[in-house]
Amino acid sequence: ISPSLCVTWPPQTGRKKGSQLTPRRHHTPIRSCAVPDKDSYAFTDMPHIFDQHSKAVRLVRFAHNSCTLLACCSDDFTISLCNLAPYSVKCVLEGHSGPVRDMDWSIDNSSLLSASVDGTARLWRCDQGTCIRTITSSHPLTAVRFQPMNNNVCVAGDEEGVLRGYNLSTGKPLSGARERVSNSLTCLEFGPNSSVLWASNNKGQILSVSVNMLTCQLKKLKCTSIPGGGSVVSLAVRAGHPSPLLLASSTSDLIFMFNIDKDVLLLQRKCSAKLNGLPIRSVFCPIATAQRGAFIVSGCADGSVLVFDMEKGKAVNKLQGHSCPVYGVCLSYDESLLVSSDSSGTVIVWQKR
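Residues numbered from 1 in each chain as written. Predicted model: local features only at pLDDT ≥ 70, side-chain atom pairs only at ≥ 80, totals over all residues. Heavy atoms only, no water.

Novice: Teacher, can you tell me more about the overall build of the protein here?
Specialist: For the protein, the helix and strand inventory stands at one helix and 31 strands. The long-range fraction of contacts in the protein, counting pairs at least 24 apart against all pairs at least 6 apart in sequence, stands at 49%. Per element, the accessible surface of the protein, about 13900 Å² overall, is 49% carbon and sulfur. (Helix = DSSP H or I, 4+ residues; strand = E, 2+ residues; numbered from the N terminus. Contact = heavy atoms within 4.5 Å. Areas by Shrake-Rupley, 256 points an atom, 1.4 Å probe, with all protein chains shown as cover.)

Structure representation (structure tokens):
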């Protein structure tokens, strides 16, 4: 491995004691303000705090169908892979020369794809912690996704509003797989049928883009402007009844939930949150959204983590443990664990009581 792709293994954090990382003292005591009839979202235990990152952790993601493998991408140019049973930092992926803005797990969790403002996307082998492919762009990359039906292909978006498909075996762009869709792209998310890609930008727009499953040819379809404007800072898609759902957070302090009708978005609900113009993400609660309504989790500028009932447009639980804005949130597939990350680089694991 070249020096520019060196991996710290095990990572040196200066706070590690055995497999545990000592929590920073400035954290406020854990508090949970659960509404009694929503005890299923009463995350009252804080079994672990990770603090291997020196700058903001903007995104945290569980591996597919996993409660024990977590990835965190940071403004300190690195991505960390964490074990949650037992709690430890598996490895820190080093190679980017700028803040890491997005990442995506392969379908079998063997690889991780990352995008950085240094103009590169990198494919990492998770069992060894090594970079096995680098994709180079002439502009900062802000979002990246594996093609769900073929993890040998990915789609990346940049600050110039250009989407491009790449062959991950060669690292080269695919012929015809390029489309200028908007202003600076912020997020990408594939729809349930994998043939429609949803892309958002910094002008408050969400666009549908058709993706040819064989050639990865891209074509812009429809554009939806969210009420209130602002930059769209997160997208999430879930299966729902009678139609799939799309969740979008914006810097205008609003979170929107849309019904997906093929390539068109129909606004269903919205709620307010203290985002203060920050890149704060929200995600669906997977089990509740599939079975009994739309519940979501969002970070907050005041350092709290909020669980919302989108049908009622109000918070049903508030977790307090961070001392600065919470940027990233994610839930394990069985909702037993919730993970949140903040602007200082701290990552907190929450557990249901």
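The rest of the description comes next.
Novice: Please clarify how empty space enclosed by the protein should be interpreted in this entry.
Specialist: The probe, sized like a water molecule, is rolled over the atoms to show the empty space still left. Applying the stated criterion across every chain yields a total of one cavity of 30 Å³ or more. Estimated volume of the largest cavity: approximately 40 Å³. The wall of the largest cavity is formed by Arg61, Asp102, Arg145, Thr186, Cys187, Leu188, Glu189, Leu235 and Arg281. Of the residues contributing to the lining of the largest cavity, the split by class is three nonpolar, one polar and five charged. (1 Å grid on protein atoms, 1.4 Å probe; cavity = no way out; pocket = protein on both sides within 12 Å on 5 of 7 lines; lining within 4 Å. Points joined across faces, edges and corners; volume = space filled by probe spheres on them. Nonpolar A, V, L, I, M, F, W, Y, C, P; charged D, E, K, R; others polar.)

Novice: In this structure, what is going on with the sheet that holds strand β14 (residues 150-158)? I would like to understand it.
Specialist: Picture the strands of a sheet paired through backbone hydrogen bonds; they go either parallel or antiparallel. Ordered in space as β13-β14-β15-β16, the four strands form an open sheet in which the pairing is antiparallel. A single partner strand is all that each edge strand has here, and the edge strands are β13 (141-147) and β16 (172-180). In this sheet, adjacent strand axes meet at a mean angle of 20 degrees when their direction is disregarded. Sheet analysis places β14 next to strand β15 (residues 162-167), joined by five bridges and oriented antiparallel. Among the inter-strand pairings, Cys154 is bridged to a residue of β15, identified as Tyr166. (Pairing = 2+ DSSP bridges. Axes fitted to C-alpha atoms, helices over the stretch in contact; angles between N-to-C directions.)

Novice: Please clarify how the confidence of the model for the protein should be interpreted in this entry.
Specialist: Detailed conclusions should not be drawn from predicted coordinates in areas where pLDDT is low. Looking at the protein, the pLDDT average stands at 88 and 87% of residues meet or exceed 70. A low-confidence stretch, residues 1-37 (pLDDT under 50), is modelled with 85 contacts involving residues beyond four sequence positions or located in other chains. (pLDDT = per-residue confidence, 0-100.)

Novice: What should I look at first to understand the layout of surface pockets in this one?
Specialist: One number sums up the size of the largest pocket: a volume of about 1200 Å³. The wall of the largest pocket is formed by 38 residues, among which Arg61, His64, Glu189, Val237 and Arg238 lie closest to the centre. For the lining of the largest pocket, the elements supplying multiple residues, two or more each, are β5 (57-62), β9 (100-105), β13, β17 (185-190), β21 (232-238), β25 (282-284) and β29 (326-331). Among the elements that make up the lining of the largest pocket, the one with the highest residue count is β21 (five residues). Within this model, the second largest pocket holds a volume of roughly 260 Å³. Forming the walls of the second largest pocket are 14 residues, and the residues nearest its centre are Arg58, Arg101, Thr142, Thr186 and Pro279. Counting residues per element, the ones that place at least two in the lining of the second largest pocket are β17 and β21. Sort the elements by how many residues they give to the lining of the second largest pocket and β17 lands first, with three residues.

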